[in-house]
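Summary of structural features
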Amino acid sequence: MRLVLTAALFCAAATPAFAQSQPQPEPSTRDKTEALARALNNPMVQEGAAAMLTNLAGIVLDTRVGPAAQYLDPTIREQDTLGDIQRRRDPNFDRNFHKNARSAVVVAGKLTEGALQMQDSLAETAARLRAALQPLRGALDPK
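Since the structure is predicted, the reported quantities are computational estimates derived from the model, not experimental observations.

**Side note on the confidence of the model for the protein**
Mean pLDDT over the protein stands at 85; residues scoring 70 or higher make up 84%. Ignoring residues within four places in sequence, the model shows residues 1–11, a span with pLDDT below 50, making zero contacts including any to other chains.

**Observations regarding the pattern of salt bridges**
Oppositely charged side chains may form a pair once their charged atoms are brought near each other. Summed over all chains, the structure comprises seven salt bridges. Of the charged contacts, one joins R77 and D80 as a salt bridge, the two residues approaching to 3.8 Å between their closest N and O atoms. Across the pair R87 and D94 runs a salt bridge, and its minimum N-O distance is 2.9 Å. On the accessibility criterion, R87 (32% relative accessible area) is partly exposed. Relative accessible area serves as the criterion here: at 41%, D94 is assigned to the partly exposed category.

**Describing the packing of helix α3 (residues 43–61) against helix α6 (residues 93–140)**
Packing of α3 against α6 leaves a shortest axis separation of 8 Å and a crossing angle of 130°. Judged by the inter-axis angle, α3 sits oblique to α6. Relative to α6, α3 is oriented so that their crossing is right-handed. Contacts from P43, Q46, E47, A49, A50, A51, L53, T54, A57 and L61 of α3 reach α6 at F93, F97, H98, A101, R102, V105 and V106. The residue inventory of the contact of α3 with α6, partitioned by class, reads twelve nonpolar, three polar and two charged.

**Notes on α6**
With 48 residues, α6 extends just 57 Å between its outermost C-alpha atoms, more than 12% less than the 70 Å of an ideal straight helix rising 1.5 Å per residue. The largest bend along α6 measures about 45° and falls at Q119. Taken together, the buried positions of α6 are F93, A101, V105, G109, T112 and L116. Along its buried surface, α6 packs onto α2 (29–40), α3 and α5 (82–89).

**Section: the packing of aromatic side chains**
Tallied over the entire structure, the rule returns one aromatic pair. An angle of 40° between the planes, with centres 6.0 Å apart, marks the rings of F93 and F97 as tilted. Here F93 pairs with F97, and both are found in helix α6, just four residues apart, close to one helical turn. Here F93 falls in the buried class, since its relative accessible area comes to 12%. When its relative accessible area of 30% is taken as the criterion, F97 is described as partly exposed.

Thresholds applied
- Residues numbered from 1 in each chain as written.
- Predicted model: local features only at pLDDT ≥ 70, side-chain atom pairs only at ≥ 80, totals over all residues.
- Heavy atoms only, no water.
- pLDDT = per-residue confidence, 0-100.
- Contact = heavy atoms within 4.5 Å.
- Salt bridge = Lys/Arg side-chain N within 4 Å of Asp/Glu carboxyl O.
- Buried < 20%, exposed > 50% of the residue type's maximum accessible area, 1.4 Å probe, protein only.
- Axes fitted to C-alpha atoms, helices over the stretch in contact; angles between N-to-C directions.
- Helix = DSSP H or I, 4+ residues; strand = E, 2+ residues; numbered from the N terminus.
- Parallel < 35°, antiparallel > 145°, perpendicular 65-115°, else oblique.
- Left-handed = near helix turned anticlockwise from the far one by under 90°.
- Nonpolar A, V, L, I, M, F, W, Y, C, P; charged D, E, K, R; others polar.
- Expected span 1.5 Å × (residues − 1).
- Bend = angle between axes of the 7 residues up to and from the residue.
- Phe/Tyr/Trp six-rings, centres within 6.5 Å; stacked < 30°, edge-to-face > 60°.

Spelled out as structure tokens, the structure:
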């Protein structure tokens, strides 16, 4: 009896796995774009993307440029990195960079939403242009 109950328990636990084994249809480009717009408008995603951009910029800003740049600008020291130079010019550079990166992600989200709203209109315009250019295309086509 225990064996039957154990087998039934395992079958019940595995049922969601069987349900997932069906191949899922590939989401459309519009579905993917809508998902991207939702993600880019999520404050947590915005903060995470800004943190990632800040981290990537930090890697570049750690580049030591002093050995060459000191000859172009006497305020640059031999051991200076790009980040050192920027932080001397703007003491709030790190905070401002992060804030600007987050703002850029917000704008990307709004632009994505706008592109989605324009998609149907742009498709109509493209179809009308193709139709209007068809006679010209036919006239230029060597036969």
